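Chain and residue survey
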Amino acid sequence: DTAVSQTPKYLVTQMGNDKSIKCEQNLGHDTMYWYKQDSKKFLKIMFSYNNKELIINETVPNRFSPKSPDKAHLNLHINSLELGDSAVYFCASRPGGATKNIQYFGAGTRLSVL
Amino acid sequence: AQSVAQPEDQVNVAEGNPLTVKCTYSVSGNPYLFWYVQYPNRGLQFLLKYITGDNLVKGSYGFEAEFNKSQTSFHLKKPSALVSDSALYFCAVRSNSGNTPLVFGKGTRLSVIA
């Protein structure tokens, strides 16, 4: 069973469109994240939710809006897509409690904006 | 502010030889340090971590890393490289104080040649 699953795996779309990426974890973790990995493989955190509450919001355009309907899901909605949004987006989760715990990553969603 | 430096974009090593992937960090307070590995078209996988205790930590697949506080380094090592170790390796750090995000280095591509 996949621990952290993202859908879709690939997403090709036109500039200006609105799209969503879904993430689900079946590990019972309290905290979930979205990361963006650019073409040079640089990985940067975008958002973090703990028990459905936003706790980290890095400098990300407000066209990106995360939504956590429950603590097992953290979806990412992107409005008015731009060429620079093309990247691989990773969802991750970790258990609550001590801050030393390991993050578990999904396989990624490769977004291509044309 | 937290930061991680991985000075090498690429490391090439012959199969059977020892390998080292370098990482230095900057963090306020004491660090929690991690190594993750990314295989092609996959999410990141946890390899090992340093939280406290022994400076030499052992992880998955025969990898180990040594925490050196005076040099603020956490180099990844393996005594005998395998072709299957070829992948992208990320060092990451977070401060042990507060709910700070994990900050990743830019990654080092390891190629093990048969």
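Computed from a predicted model, the values in this text were never measured in an experiment. (Residues numbered from 1 in each chain as written. Chains lettered and ligands numbered in written order. Predicted model: local features only at pLDDT ≥ 70, side-chain atom pairs only at ≥ 80, totals over all residues. Heavy atoms only, no water.)

Structural notes on the state of the cysteines
Our working rule: When two cysteine sulfur atoms lie within 2.5 Å, the pair is treated as a disulfide. Secondary structure is summarised from DSSP: a helix means a run of H or I of at least four residues, a strand means a run of E of at least two, and numbering begins at the N terminus for each. Between buried and exposed lies partly exposed: a residue is buried under 20% and exposed over 50% of the maximum accessible area for its type, with that area taken using a 1.4 Å probe on protein chains only.
Counted according to the given criterion, the structure contains 2 disulfides over all chains. For A:Cys23, the disulfide goes to A:Cys91, at an S-S distance of 1.9 Å. The chirality of the disulfide connecting A:Cys23 with A:Cys91 is left-handed, given an S-S dihedral of about -80 degrees. Here the residue A:Cys23 occupies a position in strand E3 (residues 19–25), and A:Cys91 occupies one in strand E9 (residues 87–94), the gap between them amounting to 68 residues. Like A:Cys91, A:Cys23 is buried. Linked covalently through their sulfurs, B:Cys23 and B:Cys91 form a disulfide whose S-S length is 2.0 Å. Disulfide B:Cys23 to B:Cys91: torsion about the S-S bond roughly -65 degrees, handedness left-handed. In this pair, B:Cys23 is assigned in the loop between strand E3 (19–21) and strand E4 (24–26) and B:Cys91 in strand E10 (residues 87–95), connecting sequence segments 68 residues apart. Given a relative accessible area of 0%, B:Cys23 falls into the buried group.

Side note on the environment of A:Asp18
Residues and elements named next belong to chain A. Defined as follows: Here, two residues are considered to be in contact whenever any of their heavy atoms come within 4.5 Å of each other. Pairs of N or O atoms are called polar contacts if they sit within 3.5 Å, as long as, within protein, a hydrogen donor faces a hydrogen acceptor (for residues adjacent in sequence, only side-chain-to-side-chain pairs).
Take Asp18: it is sitting in the loop between strand E2 (10–13) and E3. The spacing of Asp18 and Val4 is 14 residues in sequence and 24 Å in space, taken between C-alpha atoms. For Asp18, the residues in contact, after removing those within four places along its chain, are His77, Ile78, Asn79 and Ser80. Reaching out from Asp18, the side chain makes a polar contact with the backbone nitrogen of Ser80 at a distance of 2.8 Å.

Observations regarding the nonpolar core
To be explicit about the condition: Among the buried residues, those of types Ala, Val, Leu, Ile, Met, Phe, Trp, Tyr and Cys that are joined through side-chain atoms within 4.5 Å form a nonpolar core.
Ranked by internal contacts, the top residues of the largest apolar core, which has 27 residues, are B:Trp35, B:Leu47, B:Leu48, B:Phe74, B:Leu76 and B:Tyr89. Of all the secondary structure elements, the ones that give two or more residues to this core are strand E2 (10–14), E3, strand E5 (31–38), strand E6 (44–50), strand E8 (64–68), strand E9 (73–78), E10 and strand E12 (108–113) of chain B. Of all the elements, E10(B) adds the most residues to this core, at 4 residues. Each residue touching B:Phe74, except ones within four places of it in the same chain, is listed here: B:Cys23, B:Leu33, B:Phe34, B:Trp35, B:Leu48, B:Lys49, B:Tyr50, B:Val57, B:Ala65, B:Glu66 and B:Phe67. The next biggest cluster of nonpolar side chains, apart from the first, holds 20 residues, and it includes A:Ile45, A:Ile102, B:Phe90 and B:Ala92.

Regarding the packing of aromatic side chains
Counted only if it meets this: Two rings from Phe, Tyr or Trp (for Trp, the six-membered ring) form a pair when their centres are within 6.5 Å of each other. A pair whose planes differ by under 30 degrees is stacked, one over 60 is edge-to-face, and the rest are tilted.
Counted by the stated rule, this structure contains 14 aromatic pairs over all chains. The interplanar angle of 80 degrees and the centroid separation of 6.1 Å between the aromatic rings of A:Phe105 and B:Phe104 together place this pair among those described as edge-to-face. With A:Phe105 in strand E10 (residues 104–105) and B:Phe104 in strand E11 (residues 103–104), this residue pair bridges two chains. Taken together, a centroid distance of 4.2 Å and an interplanar angle of 20 degrees make the contact between B:Tyr50 and B:Phe67 stacked. Here B:Phe67 lies in strand E8 and B:Tyr50 lies in strand E6, a separation of 17 residues in the sequence. The same class applies to B:Tyr50 and to B:Phe67, which are both buried.

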